[in-house]
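Here is what each chain is made of, one letter per residue.
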Amino acid sequence: MNNKLFDSELKVMEVLWEHGAMTARDIVDILTERVGWNKNTTYTVIKKCIEKGAIDREEPGFVCKPLVTRDEVQQSETEQLIDKMFGGSSELFFSAFLKNQGISEEEAKRLAKLIKEAK
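The rules we used
- Residues numbered from 1 in each chain as written.
- Predicted model: local features only at pLDDT ≥ 70, side-chain atom pairs only at ≥ 80, totals over all residues.
- Heavy atoms only, no water.
- Axes fitted to C-alpha atoms, helices over the stretch in contact; angles between N-to-C directions.
- Helix = DSSP H or I, 4+ residues; strand = E, 2+ residues; numbered from the N terminus.
- Parallel < 35°, antiparallel > 145°, perpendicular 65-115°, else oblique.
- Left-handed = near helix turned anticlockwise from the far one by under 90°.
- Contact = heavy atoms within 4.5 Å.
- Nonpolar A, V, L, I, M, F, W, Y, C, P; charged D, E, K, R; others polar.
- Pairing = 2+ DSSP bridges.

Labelled according to an unreviewed UniProt entry, the chain appears under the name Penicillin-binding protein, originating from Paenibacillus apis.

Put into structure tokens, the structure is as follows:
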């Protein structure tokens, strides 16, 4: 994938991650219902996703297939956030998150387990 996905592009990707490959027409129907987009708006956003390498368009029927997973996009977005806002420091990111959000005892246990497994 070439570039960061904008919020509008993520809406299209969410549909594909939920449903798998589908026609652009079906994406239009879902996003019209969810967010009120018209056909032209949805097709424009699909085109941008294709240009960025996030979606593959297949014929016949303008079938759209996701080329990146939700996990890949989440990882990329997280890395960009940590680089931009915390100078690349995961520790500073977690510190700010915990200070602002707080977590339950159960969440703390799960995080400790994840950290242990990541070592």
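K.L.:
Would you mind showing me how to read the packing of helix 2 (residues 24–35) against helix 3 (residues 39–51) here?
P.N.:
When two helices pack together, their arrangement is given by the angle between the helix axes and the distance between those axes. Interhelical geometry of helix 2 versus helix 3 gives an angle of 120° and a closest axis separation of 9 Å. Between helix 2 and helix 3, the angle falls in the class oblique. In this structure, helix 2 meets helix 3 at a crossing whose hand is right-handed. The segment helix 2 lies against helix 3, with Ala24, Arg25, Ile27, Val28 and Leu31 engaging Lys39, Thr42, Tyr43 and Ile46. Residue composition of the contact of helix 2 with helix 3, by class: six nonpolar, one polar and two charged.

K.L.:
When you look at the pairing of strand 3 (residues 63–66) in this model, what are you seeing that I'm missing?
P.N.:
Put simply, side chains in a regular strand alternate between the two faces of the sheet. For strand 1 (residues 22–23) and strand 3, the ladder comprises two bridges, and the chain directions are antiparallel. Bridge pairing in strand 3 links methionine 22 to cysteine 64. In this structure, strand 2 (residues 55–58) lies alongside strand 3, joined through four bridges in antiparallel fashion. Across the sheet, isoleucine 55 pairs through a bridge with proline 66, a residue of strand 3. Here strand 2 hands over to strand 3 after four residues, with glycine 61 in that stretch at a positive phi of 90°.

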